[in-house]
Amino acid sequence: MKLNLDIQPLITWFPNYSKPGLIAGPCSAESEEQMLETAKSIAALYPKAVFRAGIWKPRTRPNTFEGIGDIGLEWMKLVKQQTGLLTATEVATADHVEKCLKAGIDILWIGARTTVNPFSVQAIADALKGVDIPVFVKNPMYPDFQLWAGALERVNNAGIKKIVAIHRGFHSYDNGPFRNSPKWELAIELKSICPELPIFCDPSHIGGNPELIPYLSQKAMDMDMDGLMIETHRNPSVALSDAKQQITPFQLKEIISDLQIRSSSVENIELQSKLDELRCVIQKLDNELLELLAKRMAVSTQIGEYKRDNNVTILQVAHWKKLIEQSLINAHSLDLPKDFIKGLYQLIHDESIRRQTDVMNKVEKK
Ligand code: PEP
Ligand code: MN
């Protein structure tokens, strides 16, 4: 798959960009005092940060706090005047775009609930035609890579070149310890098909919990992401939205100063040759893995033929349960994590079933 975007590098427009670019501020604008107090604390620590606050909040359920509305834009202006921080907010409609442009908001972002809807994204893109403003595009709620890529394309096709993807995690039925499952592989996929596209991570919405933010932020840096969006509130416990995941400006300072920023290229020749050597070993092992998989699938096909000839169903749950249980015991003794092996076996099993279904269908056509 290809993703050809015409992108202006972050370094040319993000305030004094150095890694990590930082967007910090409350989930929602709540009051003039809350905005100014939070923004002043952030500015004192990170004058090059961008201040974020949601003005219109697309909550999943109605009758919760749905944002302060247009008055929040006036508070954003005050933040900018009094702290010098650039300001960013979420837009979900063409009307929001128009109001933000009028109010002098510096950066817009499209939220996860909007990225899922190409009609809404196109309406926003149309409202952005002829405007030079940075737009950040959050990943969609669900792990549908095409929707994320499509939203980035729609915004780019409208002429926006200052464009960034935000990785905020995905709703899935098995979120583990996270509010939204990170599924780093989708961000990696985006980076591999469009290396020039900057990616920020939003550890607040992935983690849903302040305790996970340091780990997720470090991981984002180690995935060579370019920046972080972290929800920061002067007093998280009384926040009107996402109270459980916001941190104080002081916590923000601790997290950012503890981050290890590692180099994304290897300049040391000795290190490079050691890495090359180990990568060769991996390549050889990968080839062996593929050959083994091919052999395993061939046996599966054979089993399918026996089942077909003897009129037996493809799935025999008791057998499958026994097989996976035994493999998990073996995996444990090899120090391989249970969830990883379970997921891997699920994929292998799906492919086996697909092959055996093919075998069965062949006989039906006879
Ligand atoms: C937010 O940033 O406050 C927000 C609503 O995020 P998301 O779109 O990622 O849920
Ligand atoms: Mn939020």
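For the structure itself, look to the data block above.
Residues numbered from 1 in each chain as written. Chains lettered and ligands numbered in written order. Predicted model: local features only at pLDDT ≥ 70, side-chain atom pairs only at ≥ 80, totals over all residues. Heavy atoms only, no water.

A side chain of one charge can pair with a side chain of the opposite charge when the charged atoms of the two come close. Counted according to the given criterion, the structure contains 19 salt bridges. One salt bridge in this structure joins Glu288 and Lys284, with 3.3 Å as the shortest N-O distance. Placement of the pair is Glu288 and Lys284 together in helix H11 (residues 269-309), with a separation of four residues, close to one helical turn. In this structure, Glu351 engages Arg354 in a salt bridge whose closest nitrogen and oxygen atoms are separated by 2.9 Å. On the criterion of helical spacing, the pair formed by Glu351 and Arg354 is a turn pair, its members being three residues apart in helix H13 (residues 338-365). What emerges from the salt-bridge pattern is a single network uniting Glu351, Arg354, Arg355 and Asp358. (Salt bridge = Lys/Arg side-chain N within 4 Å of Asp/Glu carboxyl O. Helix = DSSP H or I, 4+ residues; strand = E, 2+ residues; numbered from the N terminus.)

Moving on, we get to the site of ligand 1. Around ligand 1 sit Cys27, Arg52, Lys57, Glu90, Trp109, Gly111, Ala112, Arg113, Lys138, Arg168, His205 and Glu231, and those are all the residues in its vicinity. Arg113 is positioned with one of its side-chain polar atoms (N or O) 2.9 Å from an oxygen atom of ligand 1. Contacts to ligand 1 include Glu231, whose side-chain N or O atom sits 3.1 Å from an oxygen atom. When ligand 1 sits alone it has 300 Å² of accessible area, and the protein chains cover 98% of it. Its residues placed into classes, the shell around ligand 1 shows three nonpolar, two polar and seven charged. (Near = heavy atom within 4 Å. Polar contact = N/O pair within 3.5 Å; in protein donor to acceptor, adjacent residues only side chain to side chain. Areas by Shrake-Rupley, 256 points an atom, 1.4 Å probe, with all protein chains shown as cover. Nonpolar A, V, L, I, M, F, W, Y, C, P; charged D, E, K, R; others polar.)

In this structure, Cys27 (SG), His205 (NE2), Glu231 (OE) and Asp242 (OD) serve as the protein donors to the manganese ion (ligand 2), at separations of 2.1 to 2.5 Å. Within one chain, the residues serving as donors to the manganese ion (ligand 2) are arranged as C-x177-H-x25-E-x10-D. With Glu231 in strand S8 (residues 227-231) and Asp242 in the loop between S8 and helix H10 (249-258), this residue pair connects regions lying eleven residues apart in the sequence. When sorted by exposure, Glu231 lands in the same class as Asp242, which is buried. (Donors = N, O, S within 2.8 Å, 3.2 Å for Na, K, Ca; no water. Buried < 20%, exposed > 50% of the residue type's maximum accessible area, 1.4 Å probe, protein only.)

Together, Leu334, Leu336, Phe340, Leu344 and Leu347 make up an exposed nonpolar region whose accessible area comes to about 490 Å². Position of Leu344 relative to the elements: it lies in helix H13. (Patch = residues over 30% accessible without salt bridge, like charges linked within 9 Å, V, L, I, M, F, W, Y side chains within 5 Å.)

This paragraph deals with the sheet that holds strand S4 (residues 107-110). Hydrogen bonds between backbone atoms are what pair the strands of a sheet, whose relative direction is either parallel or antiparallel. Read around the barrel, eight strands follow the order S1-S2-S3-S4-S5-S6-S7-S8 and close on themselves; strand pairing throughout is parallel. Strand-to-strand twist in this sheet, taken as the mean axis angle between neighbours without regard to direction, amounts to 25 degrees. With three bridges joining them, strand S2 (residues 50-52) and strand S3 (residues 86-90) adopt parallel strand pairing. Paired with Phe51 across the strands is Thr87, a residue of S3. (Pairing = 2+ DSSP bridges. Axes fitted to C-alpha atoms, helices over the stretch in contact; angles between N-to-C directions.)

Looking now at helix H9 (residues 213-222). Every buried residue belonging to H9 is among Ile213, Leu216, Ser217, Gln218, Ala220 and Met221, and all of these are buried. Among the structural elements, helix H7 (184-193), strand S7 (199-201), helix H8 (203-207), S8 and H10 are those in contact with the buried residues of H9. One or two positions beyond H9, positive phi appears at Asp224, with a value near 60 degrees. (Contact = heavy atoms within 4.5 Å.)

Another aspect to go through is unusual backbone geometry. Along the chain, Lys19 connects to Pro20 via a cis peptide bond; the corresponding omega equals -5 degrees. Along the chain, Pro20 turns up in the segment before strand S1 (21-25). In this model, Asn63 sits at a positive phi of 65 degrees, which is unusual for a non-glycine residue. Among the secondary structure elements, Asn63 is positioned in the loop between S2 and helix H2 (71-83). Backbone geometry at Asp224 places phi at a positive 60 degrees, although glycine is not the residue there. Looking at the secondary structure, you find Asp224 in the loop between H9 and S8. For Asp224, a relative accessible area of 25% corresponds to the partly exposed category.

Interpretation note: all reported values are geometric properties and have no functional meaning in isolation.
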